[in-house]
Amino acid sequence: MEVTFDIKDLLAAPAGTRSLYFIGIGGIGMSALARYFHSKGVAVSGYDKTETALTKQLVAEGMDVHYHEDVDRIPKEVDAVVYTPAVPKDHAELVYYQAGDYTVLKRSDILGAITRDSFNICVGGTHGKTTVSCMIAHILRHTGFGCNAFLGGIATNYNTNFWSSNNNVAVIEADEYDKSFLKLSPDVAVITAMDADHLDIYGTEEEMQKAFIAFGNKVKEGGLLLTRFGLKRAREINVSNKWVYSTGNDAADAYATNIKIAEGGYRFDVALPGAIISGFELKIGGMHNVENAVVAIAIAHYLELDAEKIKAAIADFKGVKRRFEYIIPLQEKTAGAYTYPVMIDDYAHHPEELRALLKSVRALFPQRKITVIFQPHLYSRTKDFAKAFSDSLDIADAILLLPIYPARELPMEGVSSELILKGIEGGKAKIIEKDALLQYMQDYVKDIDKEFGEVIVTAGAGDIDALVQPLKKIIENA
């Protein structure tokens, strides 16, 4: 739909006369928008089905949030209603507003309208986009360049997914779900991956790739497109100024060299168009994060930021919550043994994300046993990629599968975590109910390898994150 709502008029109105209502306000993208308008003095309220740490933060910041569909509680006089496509079409509050004389807009419409008049750095891709966008926004903030950041994750450095700046530059995570990213107007665009996903929306991988080609073609005249080395169909994107980036392939325009593992992170140099910057230090794990850093550094170089300031920003980057996040970092050996296992939490919910995650863990901790606790996300994704999930998880030594987290979907006949289990041989995988996991782990940690240690990985995009801190306590108290 065409955006009929004027953001400028809303922000120009006197304080106390402006209000917005968000249905699904606790979503990571929705909450960033809510925070943006709240920072501009707009009265913000909303609904979400579950109280979370993030919704509690929104309330603490001054926004009104409730957790039950209730048309008696919703504001009847609002400038606009914003909803996420993850909300069911028969949601009582959404139906009420759509049936009335209200301006009802998708999240993507509002984000597109906000960014219509700014210089926009838009990061798309089926995986990697959250970390890349957070890295770019962090570099711009840390160096003093400044930006408005609309992120799909919580930046650990700042404990938020949004911040503002007087500089009219926006860093935006460009979401491919529901083709939302086609509402954006990028001056600089990144495409990290086009692996098949969201086939419930696109139908086929080819149709999804067409959407990414359309996103790349939206780069403004004179702008820059950066694509990952080897990306399928990237040559079909008709943008005059294109850079290719890579972890270490010198055929790319931007790539890392002299990569060394160091204390759970990496040291490396970066070759760029017209420059080589030496001495980067990245203090988070995952070789894929070196690649993510390369593209963020390349954009900072394109914006002509000082090389020493870029290096200082990368060294200070603490990562993104639930992206290769060290819940229990590497401990020093005590009397010849490791006191605790390492514990890592990650949002990985696509087979390629899982593969990258577990390969990085294996490279960083080659002698340690790797145990992964994985919660599949969506029945459709599990059905489409069951074999690929099995193959990726097989990198680990032991696998605990939780039941599928349905999110917006209804159950599908014959689709369960059993589909993934069937593809893992050797008896190293089992399915366990979420409620039984903590008790199981209390017994499990008693037999953890004390000589070489162990790495316990929690992964998934559902509600597995609620188990992370209880699991940490069990491990630390063992």
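Quick note: structure is the one above.
Read on for an overview of the structure. Everything quoted here is computed from the prediction, not taken from an experiment. (Residues numbered from 1 in each chain as written. Predicted model: local features only at pLDDT ≥ 70, side-chain atom pairs only at ≥ 80, totals over all residues. Heavy atoms only, no water.)

Let's talk about the packing of helix α6 (residues 129–142) against helix α10 (residues 307–316)
Piece 1. Put simply, α6 and α10 touch, their axes get as near as 9 Å, and they point 125° apart. Taken together, the axes of α6 and α10 lie oblique to each other. In this structure, α6 crosses over α10, and the sense of that crossing is right-handed. Contact residues: α6 offers His138, Ile139 and His142, while α10 offers Lys309, Ala312, Ala313, Ile314 and Asp316.
Piece 2. Looking at the contact of α6 with α10 residue by residue, the class counts come to four nonpolar, two polar and two charged. (Axes fitted to C-alpha atoms, helices over the stretch in contact; angles between N-to-C directions. Helix = DSSP H or I, 4+ residues; strand = E, 2+ residues; numbered from the N terminus. Parallel < 35°, antiparallel > 145°, perpendicular 65-115°, else oblique. Left-handed = near helix turned anticlockwise from the far one by under 90°. Contact = heavy atoms within 4.5 Å. Nonpolar A, V, L, I, M, F, W, Y, C, P; charged D, E, K, R; others polar.)

Some points on the sheet that holds strand β10 (residues 188–191)
Piece 1. Taken together, the ten strands give an open sheet; going across it, the order is β8-β7-β9-β6-β10-β11-β12-β13-β14-β15, and neighbouring strands pair in mixed fashion. Unpaired on one side and paired on the other, β8 (160–163) and β15 (275–282) mark the two borders of the sheet. Neighbour-to-neighbour, the strand axes of the sheet open up by a mean angle of 15°, direction not taken into account.
Piece 2. As paired elements, strand β13 (residues 254–262) and strand β14 (residues 265–272) share six bridges and run antiparallel to each other. (Pairing = 2+ DSSP bridges.)

Re the packing of aromatic side chains
Given two aromatic rings, one states the distance between the centres and the angle between the planes to describe the pair.
Piece 1. Throughout the structure, instances matching the rule amount to 16 aromatic pairs.
Piece 2. When the centroid spacing of 5.7 Å and the interplanar angle of 75° are considered together, the rings of Tyr96 and Tyr97 count as edge-to-face.
Piece 3. When its relative accessible area of 32% is taken as the criterion, Tyr96 is described as partly exposed.
Piece 4. When its relative accessible area of 0% is taken as the criterion, Tyr97 is described as buried.
Piece 5. Members of the aromatic cluster, each reached through a chain of ring pairs, are Tyr21, Tyr96, Tyr97 and Tyr102.
Piece 6. The side chain of Arg141 reaches across the aromatic face of Trp163, ending 5.0 Å from its centre.
Piece 7. Against the face of Tyr347 rests Arg323, its NZ or CZ located 4.2 Å from the ring centre. (Phe/Tyr/Trp six-rings, centres within 6.5 Å; stacked < 30°, edge-to-face > 60°. Buried < 20%, exposed > 50% of the residue type's maximum accessible area, 1.4 Å probe, protein only. Lys NZ or Arg CZ within 6 Å of the ring centre and 35° of its normal.)

Topic: the side chain of Arg107
Piece 1. Mapped onto the fold, Arg107 is located in helix α5 (residues 107–114).
Piece 2. Excluding residues within four positions of it along the chain, Arg107 makes contact with Gly29, Met30, Leu33, Val82, Tyr83, Asp175 and Ser180.

Observations regarding the pattern of salt bridges
Piece 1. Under the defined criterion, the tally for this structure stands at 21 salt bridges.
Piece 2. The closest approach of N and O atoms between Arg107 and Asp175, which form a salt bridge, is 2.9 Å. Separated by 68 residues along the polypeptide, Arg107 in helix α5 and Asp175 in the loop between β9 (169–173) and β10 bring together distant segments of the chain.
Piece 3. Among the ionic pairs, Glu325 bridges to Lys321, the shortest N-O distance being 3.7 Å.
Piece 4. Residue classification places Lys321 among the partly exposed residues on the basis of a relative accessible area of 31%. (Salt bridge = Lys/Arg side-chain N within 4 Å of Asp/Glu carboxyl O.)

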